[in-house]
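Residues per chain, in single letters:
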Amino acid sequence: MLTPFDDTYFMKKAFEEAQIAFEKGEIPVGVVVVIKNRIIARGHNLTETLNDVTAHAEMQSITAAASFLGGKYLKGCTMYVTLEPCQMCAGALYWSQLSRLVFAAKDDHRGYQKFGVQLHPKTEVSQGIMANECSQLLKKFFIQKRNLN
């Protein structure tokens, strides 16, 4: 089991991905996928860049992690994501059989929990690490977006 120090370290890496998305004009959500304390996948939102509504950070990293592992299941993996996954991403996480999900900021509008979507029964969930920093980056993004329009 990872310690809280490790969780903070990996969430900081996910936050770096969110900052890359922010700089690209994407909604600033970032992800890293870890197995045995090793980052095997990174991702950030690319919906605008790829003109693809499914190009969420989680979807990008699920594909990259599965490719790294050589199989479709993410057993033994932990995903660190800066925002609670939406119902689409939660569905993909369910099918991937992710062992652990750690997310920073809760998404009261589009998060999977609001809609009653379930993750795989064996997926452990933790939340709140770096929630303030991640929320502030999202707020900054949407304030800037509103001011440009």
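Refer to the preceding data block for the structure.
Residues numbered from 1 in each chain as written. Predicted model: local features only at pLDDT ≥ 70, side-chain atom pairs only at ≥ 80, totals over all residues. Heavy atoms only, no water.

**Here's the deal with the overall build of the protein**
Cut-off, in case you're wondering: Strands are runs of DSSP state E lasting at least 2 residues, helices are runs of H or I lasting at least 4, and numbering of each runs from the N terminus. With C-alpha atoms as the basis for the radius of gyration, the globule rule is written as 2.2 Å multiplied by the number of residues raised to the power 0.38. Residue exposure (1.4 Å probe, protein chains only): buried if accessible area is under 20% of the type maximum, exposed if over 50%, otherwise partly exposed. Working rule for contacts: check all heavy atoms of both residues, and any pair within 4.5 Å makes them a contact. Charge assignment in this entry is limited to Lys and Arg as positive and Asp and Glu as negative, and neither His nor the chain termini are counted. Throughout, a charge is located at the NZ atom of Lys, the CZ atom of Arg, the CG atom of Asp or the CD atom of Glu.
Secondary structure summary: the protein contains five helices and five strands in total. Mapped in sequence order, the helices and strands of the protein form the string α-β-β-α-α-β-α-β-β-α. Rg of the C-alpha trace for the protein: 14 Å, near the compact-globule value of 15 Å for 149 residues, within the 12% margin. Projected onto the principal axes, the alpha-carbon positions of the protein cover approximately 45 × 30 × 30 Å. Taking all 149 residues of the protein together, 46% fall into the buried category. Contacts in the protein between residues far apart in sequence, at least 24 positions, make up 56% of those at least 6 positions apart. Positive and negative side-chain charges of the protein, numbering 17 and 14 respectively, have mean locations separated by a distance of 3 Å.

**Looking at the state of the cysteines**
Convention followed: When two cysteine sulfur atoms lie within 2.5 Å, the pair is treated as a disulfide.
Following the criterion strictly, the structure yields zero disulfides and no others. No disulfide involves Cys77; its nearest neighbouring cysteine sulfur is the one of Cys89, lying 16 Å away. Here Cys134 stays free of any disulfide, with the sulfur of Cys89 as its closest cysteine sulfur at 16 Å. Residue classification places Cys134 among the buried residues on the basis of a relative accessible area of 2%.

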